[in-house]
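# Close look at the chain arrangement
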Amino acid sequence: YWDRHWYVRLSGNPKKGVNGIVEDKRLAHKTGEILFEECHNIPIPDQQRGQGDVDHVLGLNESLNEGMSDQADVLAYMANPIVVVRGSRSGTKGLTWGPRAIWDLERDGSAEILTWAGAPPTFEAHLLRLMQGIEDGTGLSSPAFGREIPSGVSGEAVRSILAGYNTRVGTKQQLMAMSLP
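Below: a short report on this structure.

Along the protein chain, the regular secondary structure elements total four helices and six strands. Starting at the N terminus and ending at the C terminus, the protein chain contains elements arranged as β-β-β-β-α-β-β-α-α-α. Per-residue burial over the protein chain gives 12% buried out of 181 residues. By sequence separation, contacts in the protein chain at least 24 residues apart represent 48% of the contacts at least 6 residues apart. On the protein chain, roughly 14400 Å² of surface is accessible, and the fraction owed to carbon and sulfur atoms is 56%.

This part covers a negative patch on the surface. Judged by side-chain charge, Glu62, Glu66, Asp70 and Asp73 come together as a negatively charged surface patch. Looking at the secondary structure, you find Asp70 in helix H1 (residues 58-79).

In this section: the side chain of His29. Relative to the helices and strands, His29 resides in the loop between strand E2 (21-28) and strand E3 (42-43). In this structure His29 comes out as buried when scored by relative accessible area, which is 16%. Of the polar contacts made by the side chain of His29, one reaches the backbone nitrogen of Trp6; its length is 3.5 Å.

This part takes up the nonpolar core. Judged by nonpolar contacts, Val57, Leu64, Leu127, Leu130 and Ile134 together constitute the single largest core of five residues. Of the residues forming this core, the biggest block, three residues, is contributed by helix H2 (residues 123-138). Here Leu64 is in contact with Leu127, Leu130, Met131 and Ile134, once residues within four sequence places are set aside.

It is worth spelling out a nonpolar patch on the surface at this point. A surface patch of nonpolar side chains, about 290 Å² in accessible area, is lined by Tyr1, Leu10 and Ile21. For Leu10, the location among the structural elements is in strand E1 (residues 6-12).

Its 16 residues place the ends of H2 23 Å apart at the C-alpha level, agreeing with the 22 Å of an ideal helix rising 1.5 Å per residue. Count one or two residues on from H2 and you reach Gly139, which has phi positive near 75 degrees.

Turning our eyes to something else, we now look at the packing of aromatic side chains. Per the stated rule, a full pass over the model turns up zero aromatic pairs. Taking the ring centre of Trp6 as reference, the NZ or CZ of Arg26 above it sits at 4.9 Å.

The rules behind these values
- Residues numbered from 1 in each chain as written.
- Predicted model: local features only at pLDDT ≥ 70, side-chain atom pairs only at ≥ 80, totals over all residues.
- Heavy atoms only, no water.
- Helix = DSSP H or I, 4+ residues; strand = E, 2+ residues; numbered from the N terminus.
- Buried < 20%, exposed > 50% of the residue type's maximum accessible area, 1.4 Å probe, protein only.
- Contact = heavy atoms within 4.5 Å.
- Areas by Shrake-Rupley, 256 points an atom, 1.4 Å probe, with all protein chains shown as cover.
- Patch = residues over 30% accessible without salt bridge, like charges linked within 9 Å, V, L, I, M, F, W, Y side chains within 5 Å.
- Salt bridge = Lys/Arg side-chain N within 4 Å of Asp/Glu carboxyl O.
- Lys, Arg positive; Asp, Glu negative; His and termini not counted.
- Charge placed at Lys NZ, Arg CZ, Asp CG, Glu CD.
- Polar contact = N/O pair within 3.5 Å; in protein donor to acceptor, adjacent residues only side chain to side chain.
- Core = buried A, V, L, I, M, F, W, Y, C linked by side-chain atoms within 4.5 Å.
- Expected span 1.5 Å × (residues − 1).
- Phe/Tyr/Trp six-rings, centres within 6.5 Å; stacked < 30°, edge-to-face > 60°.
- Lys NZ or Arg CZ within 6 Å of the ring centre and 35° of its normal.

Shape descriptors only; they carry no functional weight alone.
Next up, the structure:
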C-alpha cells in the first residue's frame, strides 16, 4: 500500500504475521498521497496472480531458444568436422590437416567426414513453425514482433496487420475499467 509517508510492500508468509501477511519492504517518500487501483490480468482459478499475455507460449519460446542453440552447435560442428579414418596403421597422427591436404592411406583405407545420413533435419523450417506457434498463441502477427512490415504500407494496412495486438490492448482496457470503482 501507499500512504502520505510510506510505500509498503506486503507479501504472504503462512508461518508469520497476521493471516500470513507480513511487511516485505517499507520505503519513505515525499510525494504525498497517490491514489491507485490494482488491475489483475485474466483470473486463474486458485491462483493469486492472473494469466499473463505470454504464459501459454513460454514453452514454445524455450524450445525456440534451444533450437537456436542447436543450430549454433551444428554450425560449429560443420566448421570443425569429425573425420573417421579407417585402414591407417598410425591412426591420425601422421596425417596433415588443412585445405587440400593429401593423406597416404593403406590400400583398403578410407577417410570420411562424420555427417548425417540422408537429408539433415531442417532447422529453419522447425524454427519458423515455432515462431508461428508463438504468434498464433499470443494472437499477435509478425509485425507486432517487429518483423515483416512491408515498405510503402498505409496506416490502415498496418492497423489491420496489428489486429491481434489491438484486440489484446482492448481486452486489457476492459479489465482495467472493470476493476476501477
